[in-house]
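Notes for the structure review
Now for the letters of each chain:
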Amino acid sequence: RDTATNNAILTLNGVGSTAGVVIDGVQLTVMSVAAPASGNYRSGGAMDFVVTFSKTTFVDLTGGTPRLQVLLESGTTAYAVYTTGHATNQFTFRYTVGVGDFDTNGISLSAALQLNGSVIRDNATNPLATTLNNIGTLTAVLVDGVPPAVESSLRNTPSPTAATSVAYTVKFVEPVSGADIGDFELTTTGTAGGTLATLLQTDTVTYVITISNVGGD
């Protein structure tokens, strides 16, 4: 009321237009993380994770690149790094298998997206709550970035020998496919020499290599 005790008229007059005035105090969150296809990813192989946000999302890469930490049985530090997505509700993150990375029982992700110096926000500048929700099943997403190693290499023919052809049985520690004679190298000493001739696979881990034109001491 006024000083004369007249009650105020509460009607608002002359209010300016509020068109275009948007209020958004709702937290931006991660709704889900789509897993890459099941399979055994080798060194150099790439797997993509698609992160879906609760709203249209923007990213500023001036200070760094966001990433997801990939947890591996090998204990090596690995990340799926942001590759695409801006002014949309889905971003893609890619992990490329490094030499020595391995996981035989399914990879996993850390609990939160790492901003790593970047800024992720919605259109109202609400920052992202980085917790990863509803991560897809990863138990069948395997990693094998370890090159196959030779377990043993045994000579099949007696030593010494005057034969011009000798054979060795080479056994690997894990199944190997696609090997050919060009994948092997002959190491000699003294005047000994020979030629890598043939390669025969006898099972998933065992190969017999024949060396011809053997001579020297």
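Refer to the preceding data block for the structure.
Below, the structure is looked at part by part. Residue positions are given per chain, counting from 1 as you read along its sequence in written order. Local features in this predicted model are restricted to residues whose pLDDT is 70 or higher, and side-chain atom pairs enter the listing and the counts only when it is 80 or higher, whereas totals over whole chains, interfaces and linings include all residues. The side-chain quantities take in all heavy atoms of the structure and omit both hydrogens and water.

**Some points on unusual backbone geometry**
Leaving glycine aside, a negative phi is the common case for residues, and trans is the common case for peptide bonds. Here T5, not a glycine, exhibits a phi torsion of approximately 70°, which is positive. Along the polypeptide, T5 turns up in the segment before β1 (28-34). In this model, N134 sits at a positive phi of 50°, which is unusual for a non-glycine residue. Position of N134 relative to the elements: it lies in the loop between β10 (128-129) and β11 (141-144). Here a helix means four or more residues in a row that DSSP labels H or I, a strand means two or more in a row labelled E, and each is numbered from the N terminus.

**Here's the deal with the packing of aromatic side chains**
Aromatic contacts are taken between Phe, Tyr and Trp rings whose centres are within 6.5 Å, Trp giving its six-membered ring; a plane angle under 30 degrees counts as stacked, one over 60 as edge-to-face, and the others as tilted. Under the criterion given, the structure shown has four aromatic pairs. When the ring of Y82 is compared with that of F91, the centres are 5.5 Å apart and the planes differ by 65°; the resulting orientation is edge-to-face. Across this residue pair, the class does not change: Y82 and F91 are buried. Between Y82 and F93, the ring centres sit 6.1 Å apart and the planes meet at 70°, which makes this aromatic pair edge-to-face. Taken together, the residues Y82 in strand β5 (residues 78-84) and F93 in strand β6 (residues 88-96) connect sequence positions eleven residues apart. Pair check on accessibility: Y82 and F93 agree, each one buried. Throughout, exposure labels follow a simple rule: accessible area from a 1.4 Å probe, protein chains only, divided by the maximum for the residue type, with under 20% read as buried, over 50% as exposed, and the rest as partly exposed.

**Considering the sheet that holds strand β2 (residues 39-42)**
The strands making up a sheet associate through hydrogen bonds between their backbones, and the pairing can be parallel or antiparallel. Any two strands with at least two DSSP-identified bridges between them are counted as paired. The strand order across the open sheet built from three strands is β2-β11-β7, with neighbouring strands paired in mixed fashion. This sheet does not close on itself; its edge strands, each paired only once, are β2 and β7 (102-103). Pairing analysis gives four bridges linking β2 to β11, with the strands arranged parallel. Among the inter-strand pairings, R42 is bridged to a residue of β11, identified as D144.

**So, the nonpolar core**
Within this scheme, the nonpolar core is defined by two criteria: the residues are buried Ala, Val, Leu, Ile, Met, Phe, Trp, Tyr or Cys, and they are joined through side-chain atoms within 4.5 Å. Grouped together as the largest cluster of nonpolar side chains are 28 residues, with contacts concentrated most on M47, F49, L68, V70, Y95 and I107. Of all the elements in the fold, those that place two or more residues in this core are β1, β3 (46-60), β4 (67-71), β5, β6 and β11. Among the elements that line this core, the one with the most residues is β3, at five residues. Of all hydrophobic cores here, the second largest spans six residues; its members include V170, F172, F184 and I209.

**Quick notes on the side chain of D101**
Structurally, D101 is set in the loop between β6 and β7. In this tally Asp and Glu are treated as negative and Lys and Arg as positive; neither His nor the chain ends contributes. When a carboxyl oxygen of Asp or Glu is within 4 Å of a side-chain nitrogen of Lys or Arg, the pair counts as a salt bridge. It turns out D101 is buried and unbridged, and the closest side chain with the opposite charge, R42, is 13 Å from it. Polar side-chain contacts of D101 include one of 2.9 Å to the side chain of T76. Any pair of nitrogen or oxygen atoms within 3.5 Å is treated as a polar contact; in protein, a donor-acceptor pairing is required on top of that, and neighbouring residues in sequence qualify only through side-chain atoms on both sides. A distance of 2.8 Å separates the side chain of D101 from the side chain of Y95, its partner in a polar contact.

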